[in-house]
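Analysis of the macromolecular model
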Amino acid sequence: MKMHCEKEEEVIRARAEGLLADNGEPASEGGAALREHVAACPICQEALFLAELFERDQRALGAQAPLPEADLVWWKAQLRARREAVRRAEAPVVFAEKAAWVTGALSAAGLAAWQWPAIRGWLALIASAPILGPHSEPLAALFVAGLVSTLVLAGVSLYLIWSEK
Amino acid sequence: MRAMPISKCETLDGVEKAQEIERVFAMDEASFRAFYAQTARPLWAYLFRASGDPTLAEDLLQETYYRFLRARPDPMSDAHRKNYLYRIATNLLTDHRRRERGKEFTNPPGEAGADRSATIEPRAEGGSERTELESAFKQMKAREREILWLAYAEGYKHEEIAELTGIKAASLRPLLFRARRKLAEILRGGSKA
Ligand SMILES: [Zn+2]
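Residues numbered from 1 in each chain as written. Chains lettered and ligands numbered in written order. Predicted model: local features only at pLDDT ≥ 70, side-chain atom pairs only at ≥ 80, totals over all residues. Heavy atoms only, no water.

Turning to the overall build of chain B, a few remarks are in order. When helices and strands are counted, chain B shows 9 helices and 0 strands. When the elements of chain B are put in sequence order from the N terminus, they spell out α-α-α-α-α-α-α-α-α. The buried share of chain B, reckoned over its 193 residues, is 44%. Summing over all exposed atoms, chain B offers an accessible surface of approximately 10300 Å²; the carbon and sulfur share of this is 51%. (Helix = DSSP H or I, 4+ residues; strand = E, 2+ residues; numbered from the N terminus. Buried < 20%, exposed > 50% of the residue type's maximum accessible area, 1.4 Å probe, protein only. Areas by Shrake-Rupley, 256 points an atom, 1.4 Å probe, with all protein chains shown as cover.)

Right, here's the structure in full:
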């Protein structure tokens, strides 16, 4: 038996359009020719058999389908779309925050490298003198600067933690 | 500047909300309701027959409409919209199968790979025919079930099925004929025609 008939798609389409229905009405010219073809073509007969079977099945299944209401599908989709929009909108902010932390850390490291002699002197001073001596102005300035930046960083961190919540 | 938190976003007034959704979605609510009324039942039948699982069919149905709404396709005819919907559904079926195949490799047999399929209890009228079709479909491969349904329940042309499923047009024809033959033989009780 051959596997394939050139007219099969045409036959299925004609059936869907009602051209093959044997309802006692005189068939159109195309319909009559197709009916004649189907009568002699086992491939098209088989295709029509499946099309009719599937149509009945589709109708029965559709009537029993446990479908959610259109309103519910719409509402859920709305909610999800909005959540995704918020997530997308927040993505650059999250990236900017991470970038700010990296930049801050790199700046601090750069500053430390640039001011390394002063830091070394300061460390030496602390190491050698338990009480600050008469030449301790730069050290005091550095100490104050360090304290200020620590406080600023702590404030920024607290703000970020709070705003995340 | 911080992004708008969800609570703020969810309390936008009605007009703003409607405008926002219209920008995000492919159609307004009334058009969606009409489109859904027209397409949801046959789409569910397709998803159910292709997957054999009513719960999965419902999940995939909702996902299909969500993706359809989000895709914001250009204004298109009803037929094109329907094709677009079926393409999304077919892709989701394919993705689901891939995930399930992945699980078979990572889970011991009988766990994730367990048969989640279930039947929709056939009503008396045409019940035995449906039971037969159901059991015949279980013997078909997933791809075969899909292309058969698209061809004979939905009446898609071969070229359209190739487009919907991503199967090459030249491969589709023999695939479809073999599937049709196989199904017809199973339905006839395995007798060779
Ligand atoms: Zn033929």
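From this point on, the discussion continues.
Let us look at the overall build of chain A. Counting secondary structure elements, chain A contains 6 helices and 0 strands. Helices and strands appear in chain A in the N-to-C order α-α-α-α-α-α. In chain A, which comprises 165 residues, the proportion classed as buried is 26%. Sequence-distant contacts in chain A: of pairs separated by 6 or more residues, those separated by 24 or more amount to 56%. Accessible area for chain A stands at about 11100 Å²; split by element, carbon and sulfur atoms hold 67% of it. (Contact = heavy atoms within 4.5 Å.)

Once that is clear, we can look at the domain arrangement of chain B. Residue and element names in this part refer to chain B. Here the domain parsing of chain B yields domain 1 (29-100) and domain 2 (129-193). Taking both partners together, domain 1 and domain 2 bury about 1400 Å²; carbon and sulfur atoms supply 50% of that area. Its largest share of buried area at the contact with domain 2, domain 1 owes to Y46, R49 and R97, together 43% of the area lost on that side. Counting the contacts that link domain 1 with domain 2 gives 4 salt bridges. Our count for the contact surface shared by domain 1 and domain 2 stands at 7 residue pairs in polar contact (both at pLDDT 80 or more). Among the secondary structure elements, those contributing two or more residues to the side of domain 1 that touches domain 2 are α3 (29-51) and α5 (78-106). Among the elements that take part in the side of domain 1 that touches domain 2, α5 stands out by supplying 8 residues, more than any other. Classifying every residue of the side of domain 1 that touches domain 2 by side-chain character gives 7 nonpolar, 4 polar and 4 charged. (Domains from an automatic or database assignment. Buried area = accessible area lost by both parts, 1.4 Å probe. Salt bridge = Lys/Arg side-chain N within 4 Å of Asp/Glu carboxyl O. Polar contact = N/O pair within 3.5 Å; in protein donor to acceptor, adjacent residues only side chain to side chain. Nonpolar A, V, L, I, M, F, W, Y, C, P; charged D, E, K, R; others polar.)

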